[in-house]
Amino acid sequence: MSKPAHHRDGHFQNNRGDFEPKSLAEVIRWKWHAARQGLPKRPLAPIPTQPADLAFIHANHGATQQPAVTWIGHATVLAQLGGLSLLTDPIFSERASPFSFAGPKREQPPGVALAELPHIDAVVVSHNHYDHLDLPSCRTLAHQPGGSPLFVVPLGLKAWFQARGIARVVELDWWQSERLGELEIFLVPAQHWSARGLNDRMKTLWGGFAVFAPDCQLFFAGDTGYSRDFSDIRERFAERQRAGGFDIALIPIGAYEPRWFMQSQHVNVEEALKIHADLGAQRSLGVHWGTFELTDESLDEPPRQLERQRADLGMAEDAFFTLAVGGTRRIPRRR
Ligand code: ZN
Ligand code: ZN
C-alpha cells in the first residue's frame with residue numbers, strides 16, 4: 001500500500017499545499033514592524049470572565065448529562081457529552097513556553113482551575129506547540145484522583161508522553177478513531193505544522209478532532225489555517241450527520257495578524273466563519289483568543305470582529321458565539 005500523501009520522509013505535511021516554515025529573517029521583519037507600530041495594542045476593555053458554574057459542571061455526567069461546553073481559556077474547553085467529560089488542549093500554566101520565566105504570559109487565570117475540574121475521562125491534544133500541549137497540565141491530569149484520563153494525540157506524540165510518565169495514551173493518524181464509552185474520537189486534518197524544539201519541525205502530526213456521541217457531535221479545529229480540509233471533513237462524515245452537522249464546533253478566532261505571516265497557519269475571523277459554513281456546523285464557539293498575547297491584533301479584537309462580520313452575514317448570535325472565560329453553554333441534545 002502506498003503511504004498517505006501527508007506522510008513524507010521523516011516528517012508530515014498538509015493535505016492542501018505544503019507548509020513553508022517562516023525564516024528567521026521573516027520573524028525578525030514581523031517583530032521589527034510590530035515594535036515600530038506598537039503592536040499589539042492593549043485591549044480596550046478587560047477580557048470578560050465569570051465564575052464557573054462548578055455545581056453544574058460537577059453534577060453533569062452519566063445518564064442525566066446535558067451536553068455542554070465550558071471555556072477555560074485559549075483553546076482549552078471542557079466538553080461534556082456522551083455522559084463523559086473531555087478537555088481540549090489543556091493549558092493551565094502561567095506561560096505558553098518552554099520556560100517558566102519567559103514567553104507569552106497568561107492575561108487571566110483559567111476559567112476553571114485544574115484542582116476544580118470534575119473527573120476528566122479524555123484529553124485531546126491537537127499538536128505539540130506550547131500553547132496547546134502543556135506538560136505540567138497534562139501531568140497533573142494524568143495523576144487526577146480516580147486515574148488518568150485517556151490522552152488522544154496525533155501520530156508521533158505517544159512516545160513523547162510515555163517518556164514523561166503519562167502512560168494512558170493513544171495516537172492517531174488523520175481519519176483514525178478511538179472509542180471510549182459512548183464517544184468515538186477521530187483525528188482529522190488541519191492546515192498547520194508542529195515543532196517543540198529546534199530540530200523536530202513537522203516530525204509529529206497535528207490535526208483537529210471530531211467527537212461523536214449519541215447526544216452530541218463536537219468538532220475541535222485545533223490550530224489551523226483555512227483550507228478545503230473542512231469541506232472534506234463534512235463529506236467524510238455526511239452519513240453520520242444526516243440529522244444535521246456538528247452540534248458544536250470549537251473554532252479558533254484569534255492569533256491572526258499580520259496576515260502575511262499568519263495566514264498559512266492561523267485563520268482570521270472571516271476564515272473561521274467559512275470553516276463554520278464548510279462544516280455545516282449548527283453552532284460554533286470562538287476559541288484561541290483572550291488568554292495569551294501571541295500576535296499583533298489586540299487580545300479583545302477577535303470577538304469584536306466576529307460580532308461585526310456575523311451582523312454583515314445576518315447570522316444569529318448563537319450561531320457563532322464567544323463565551324466569557326469560565327462561561328458554559330448548554331447544547332440541545334441531538335435526536
Ligand atoms: Zn500551533
Ligand atoms: Zn495556538
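Structure shown above.
Rules used throughout
What you see as residue numbers is a count from 1 along each chain, following the sequence as written. Note on labels: chains are lettered from A, ligands numbered from 1, in written order. Totals for whole chains, interfaces and linings use every residue, but because this is a predicted model, local features are given only for residues with pLDDT of at least 70 and side-chain atom pairs only at 80 or more, for both listing and counting. The basis for the side-chain values is all heavy atoms of the structure; hydrogens and waters are excluded. We count a stretch as a helix when DSSP gives it H or I for four or more residues in a row; a strand needs E for two or more, and each element gets its number in order from the N terminus. The globule rule is 2.2 Å times the number of residues to the power 0.38, and the radius of gyration it is compared with is taken over C-alpha atoms. Relative accessibility thresholds used throughout: buried, under 20% of the residue-type maximum; exposed, over 50%; partly exposed, between the two (1.4 Å probe, protein chains only). In this description, contact between two residues means that some pair of their heavy atoms is separated by no more than 4.5 Å. Exposure was quantified through the Shrake-Rupley algorithm and a 1.4 Å probe, taking into account, for residues, occlusion by the shown protein chains and nothing else. For the charge count, each Lys or Arg is scored as positive and each Asp or Glu as negative, with His and the chain ends excluded. Lysine's charge is taken at NZ, arginine's at CZ, aspartate's at CG and glutamate's at CD. Donor selection uses N, O and S atoms within 2.8 Å of the metal (3.2 Å for Na, K and Ca). Since no water is included, sites may look incomplete. Note on geometry labels: four donors, all angles 85 to 135 degrees, give tetrahedral; four donors become square planar and six octahedral when opposite donors are over 155 degrees apart and every other angle is between 65 and 115; remaining cases are irregular. Any N or O atom pair separated by 3.5 Å or less is treated as a polar contact, with the protein-specific requirement of one donor-capable and one acceptor-capable atom, and with residues adjacent in sequence counted only for side-chain atom pairs. Here the aromatic set is Phe, Tyr and Trp, taking the six-membered ring for Trp, and pairing holds for ring centres within 6.5 Å; pairs whose planes are under 30 degrees apart are stacked, those over 60 apart are edge-to-face, and all others are tilted. By definition, two strands form a pair when at least two bridges between them are found by DSSP. Only the stretch in contact is used when fitting a helix axis, every axis being a line fitted to C-alpha atoms; angles between N-to-C directions are given from 0 to 180 degrees.

Colleague: I'd like a rundown of the overall build of the protein chain, residues and numbers included.
Modeller: Check the secondary structure of the protein chain and you find eight helices and 16 strands. In terms of overall size, the protein chain behaves like a compact globule, its C-alpha atoms giving a radius of gyration of 19 Å where 335 residues would be expected to give roughly 20 Å. For the protein chain, the C-alpha atoms occupy an extent of roughly 55 × 50 × 40 Å along the three principal directions. Counting only residues that meet the buried cut, the protein chain has 58% of its 335 residues in that class. Long-range pairs, those at least 24 residues apart, make up 71% of the contacts in the protein chain with a sequence separation of at least 6. If you sum the accessible surface of the protein chain, you get close to 14200 Å²; carbon and sulfur atoms cover 53% of it. With 36 positive and 38 negative side-chain charges, the protein chain shows a spacing of 1 Å between the two charge centroids.

Colleague: Describe in detail the coordination of the zinc ion (ligand 1), supporting the description with residues and values.
Modeller: Put simply, the ideal angle at a metal is 109.5 degrees for four donors in tetrahedral geometry and 90 or 180 degrees for six donors in octahedral geometry. Here the zinc ion (ligand 1) is held by His 127 (NE2), His 129 (ND1), His 192 (NE2) and Asp 223 (OD), and the distances to it run 2.1 to 2.3 Å. Here the zinc ion (ligand 1) is ringed by four donor atoms whose angles at the metal span 90 to 166°, and the overall shape comes out irregular. Counting gaps between the donor residues of the zinc ion (ligand 1) yields the pattern H-x1-H-x62-H-x30-D. Here the zinc ion (ligand 2) and the zinc ion (ligand 1) are spaced 3.9 Å from one another, each receiving a donor from Asp 223. Residue His 127 is classed as buried on the basis of its relative accessible area, which comes to 1%. Given the relative accessible area of 11%, His 129 is considered buried.

Colleague: Describe the coordination of the zinc ion (ligand 2), listing the residues and the values that go with them.
Modeller: Only Asp 131 (OD), His 132 (NE2), Asp 223 (OD) and His 288 (NE2) from the protein reach the zinc ion (ligand 2) as donors, at distances of 2.1 to 2.4 Å. Each of the four donor atoms around the zinc ion (ligand 2) contributes to a set of angles spanning 84 to 150°, which defines the coordination as irregular. Ordering the donors of the zinc ion (ligand 2) by residue number gives the pattern D-H-x90-D-x64-H.

Colleague: I'd like to hear about the side chain of His 132, residue by residue, with values.
Modeller: Looking at the element boundaries, His 132 is found in the loop between β6 (122–124) and α3 (135–142). Separated by 3.1 Å, the side chains of His 132 and Asp 131 make a polar contact. Side-chain polar atoms of His 132 contact the side chain of Asp 223, separated by 3.0 Å. The contacts of His 132, once residues within four sequence positions are left out, are His 74, Ala 75, Asp 89, Pro 90, Val 125, Ser 126, His 127, Asp 223 and His 288.

Colleague: I'd like to hear about the packing of aromatic side chains, residue by residue, with values.
Modeller: A complete count under the given rule lists 14 aromatic pairs for this structure. On the numbers, 5.9 Å between centres and 35° between planes, the contact of Phe 212 with Phe 246 is tilted. In this pair, Phe 212 is assigned in strand β11 (residues 208–213) and Phe 246 in the loop between α5 (229–236) and β13 (248–252), connecting sequence segments 34 residues apart. Phe 246 shares its class with Phe 212; the two are buried. An angle of 85° between the planes, with centres 6.3 Å apart, marks the rings of Phe 219 and Phe 230 as edge-to-face. One end of the pair, Phe 219, is in strand β12 (residues 216–220); the other, Phe 230, is in helix α5, and eleven residues separate them in sequence.

Colleague: Give a description of the sheet that holds strand β3 (residues 68–73) that names residues and reports values.
Modeller: Ordered in space as β8-β7-β6-β5-β4-β3-β16, the seven strands form an open sheet in which the pairing is mixed. Two strands bound the open sheet, and with one partner strand each, they are β8 (169–172) and β16 (328–330). Averaged over all adjacent pairs, the angle separating strand axes in this sheet is 20°, with direction ignored.

Colleague: Mind laying out unusual backbone geometry, listing which residues take part and the relevant values?
Modeller: Most peptide bonds take the trans form, and the phi angle of most residues other than glycine is negative. The peptide bond linking Leu 39 to Pro 40 adopts the cis configuration, its omega dihedral lying at -5°. When you line up the elements, Pro 40 lands in the loop between α1 (24–37) and α2 (54–59). In the segment running from Glu 257 into Pro 258, the intervening peptide bond is cis, with an omega of 0°. As for its position among the elements, Pro 258 is in the loop between β13 and α6 (259–262). A positive phi angle, close to 50°, is found at His 74, a residue other than glycine. Mapped onto the secondary structure, His 74 falls in the loop between β3 and β4 (76–81). Of the residues examined, His 74 reaches a relative accessible area of 1% and is grouped as buried. Even without being a glycine, Trp 175 presents a positive backbone phi close to 80°. Topologically, Trp 175 is positioned in the loop between β8 and β9 (177–180).

Colleague: Describe in detail the sheet that holds strand β14 (residues 284–287), supporting the description with residues and values.
Modeller: Spatial ordering of the open sheet is given by β9-β10-β11-β12-β13-β14-β15, a layout of seven strands whose pairing is mixed. Strands with a single pairing partner mark the edges of an open sheet, and in this sheet they are β9 and β15 (320–321). Both β11 and β12 contribute to a ladder of five bridges, which runs antiparallel. Paired with Phe 212 across the strands is Gln 217, a residue of β12.

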